[in-house]
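# Summary of the model geometry
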Amino acid sequence: MHILLVEDNDSTAKQLELVLGREGHNVSVTASGEEAVELAELYDYDAIVLDLDLEDISGLEALRSLR
């Protein structure tokens, strides 16, 4: 499964990436909501794990853009 992880807290992002990677998932990580929207337009992800409290745009704004 190809997962996009959008998390601006470095330690949380690293922990989630490790856990998901150990389960055999291919994980792409970004701390930016704007970059997440761009990546989702370029690549076909099976799932997106999205932090709602991002620094550049809110996770809800990113979700609206993705829809």
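Preceding block: the structure.
The following paragraphs examine the structure supplied in this document. For clarity, every value in this text was computed on a predicted model and none was experimentally measured.

A few words on the packing of helix α2 (residues 33-42) against helix α3 (residues 59-66). The interhelical angle for the contact between α2 and α3, taken along N-to-C directions, is 20°, at an axis separation of 9 Å. In this view, α2 runs roughly parallel relative to α3, as classed from their interaxial angle. Regarding α2 and α3, the two cross each other, and that crossing is right-handed. Here G33, A36, V37 and A40 of α2 lie close against α3, whose contacting residues are A62, S65 and L66. Its residues placed into classes, the contact of α2 with α3 shows 5 nonpolar, 2 polar and no charged.

Looking now at the nonpolar core. With 6 residues, the main nonpolar core is built from L4, V6, A36, L39, Y45 and L54. At the level of elements, β1 (2-6) and α2 are the ones that each hand at least two residues to this core. Apart from the residues lying within four places of it in its own chain, the contact partners of Y45 are H2, I3, L4, S28, L39 and A40. Within the second largest apolar cluster, 5 residues are counted, among which are I3, L5, A13 and L20.

Thresholds applied
Residues numbered from 1 in each chain as written. Predicted model: local features only at pLDDT ≥ 70, side-chain atom pairs only at ≥ 80, totals over all residues. Heavy atoms only, no water. Axes fitted to C-alpha atoms, helices over the stretch in contact; angles between N-to-C directions. Helix = DSSP H or I, 4+ residues; strand = E, 2+ residues; numbered from the N terminus. Parallel < 35°, antiparallel > 145°, perpendicular 65-115°, else oblique. Left-handed = near helix turned anticlockwise from the far one by under 90°. Contact = heavy atoms within 4.5 Å. Nonpolar A, V, L, I, M, F, W, Y, C, P; charged D, E, K, R; others polar. Core = buried A, V, L, I, M, F, W, Y, C linked by side-chain atoms within 4.5 Å. Buried < 20%, exposed > 50% of the residue type's maximum accessible area, 1.4 Å probe, protein only.

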